[in-house]
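So you can see what is in the structure, the chains are spelled out below.
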Amino acid sequence: MMSRIKWHKSDSIGSTNTYLRELKGGDPAYDYEVAVADFQTAGRGQKGNTWESEQGKNLLFSILAHPRNIKVRDQFYLSEAIALAVSDAVIAVIGPEFAGGVSVKWSNDVYWKDFKMAGILIENTLQGDRILDTVAGVGLDVNQEVFLSDAPNPISLKIITGRVFDRDALLTDIVDRFIGYMEQDRADVDRMYRERLYRREGYHPFRDAAGEFEACIEGIRPDGCLMLLTRGGEHRVYEFKQVQFILPGK
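Residues numbered from 1 in each chain as written. Predicted model: local features only at pLDDT ≥ 70, side-chain atom pairs only at ≥ 80, totals over all residues. Heavy atoms only, no water.

Here we look at the pattern of salt bridges
And step 1. Scanning the model with the defined rule gives 20 salt bridges in all.
And step 2. Note that arginine 207 and glutamate 212 form a salt bridge whose closest N and O atoms lie 3.0 Å from each other. (Salt bridge = Lys/Arg side-chain N within 4 Å of Asp/Glu carboxyl O.)

Quick word on the packing of helix α2 (residues 76-94) against helix α6 (residues 186-195)
And step 1. Packing of α2 against α6 brings their axes to within 10 Å, and their N-to-C directions diverge by 60°. The orientation of α2 relative to α6 falls into the category oblique. By crossing handedness, the relation of α2 to α6 is classed as left-handed. Contact residues: Phe76, Tyr77, Glu80, Ala81 and Leu84 in α2; Arg186, Val189, Asp190, Met192, Tyr193 and Arg194 in α6. (Axes fitted to C-alpha atoms, helices over the stretch in contact; angles between N-to-C directions. Helix = DSSP H or I, 4+ residues; strand = E, 2+ residues; numbered from the N terminus. Parallel < 35°, antiparallel > 145°, perpendicular 65-115°, else oblique. Left-handed = near helix turned anticlockwise from the far one by under 90°. Contact = heavy atoms within 4.5 Å.)

Some points on the sheet that holds strand β6 (residues 115-127)
And step 1. Across the sheet, seven strands lie side by side as β1-β2-β3-β7-β6-β5-β4; this open sheet has mixed pairing. Both edges of this open sheet fall to β1 (5-13) and β4 (102-105), since each of them pairs with a single strand only. Within the sheet, the average angular offset between the axes of one strand and its neighbour, ignoring direction, is 20°.
And step 2. Pairing of β6 with strand β7 (residues 130-140) involves 10 bridges; the strand directions are antiparallel. Counterpart to asparagine 124 in the pairing with β7 is threonine 134.
And step 3. Here α2 sits on the sheet and contacts β3 (59-65), β4, β5 (109-112), β6 and β7; the angle it forms with β6, its principal contact strand, is near 150°. (Pairing = 2+ DSSP bridges.)

Structural data, given as structure tokens:
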């Protein structure tokens, strides 16, 4: 059965995530609700970070979903699903010449080579040991060419390819792909996410509270924790924000 989607479109909004969360579960007549805006006055990223976006140039949207039978301990599946949906849609439009550079940086940033093109913020409403509602917020740099903030490594599809993209078509594709991933087997989504991980092969520099070190990615736990193996053979496990990828030149 085709999913029922309710769209909320605005020229300007505080935050698409906040807008959907304030719906308190949304309209029961719909399976998904999508809020999209040309500009956000209070857009947020992970841990309170802000997201720079020139008005009318990029995609700023959030999806309200009602996961079926996803337990709290498995909630990282939702991050995997939206990160794969965004990266799939990007790969489809930029073409094979550039697609090889697309990856997902743990936990759910979408990268092109060593540059960030999309950030994702997941906010869940819990009911006991299960997830009642989830809001997945996405900021994807599409047609912006100049970035003025102190963000270390932003990039857009326009900068990568030199082409202007249809934001509405891209949004529809992302939403459709996200819905598809929500209905897929968890093991398949886990596998595809790991295959698309940024720096999934070899040793790379990281930084934690104790300092810098080199390690390779061993995997991702079901709860979303990153598992690393240092050059010295030490196994380490990190929650989000406990470890940083050291980017070139940083």
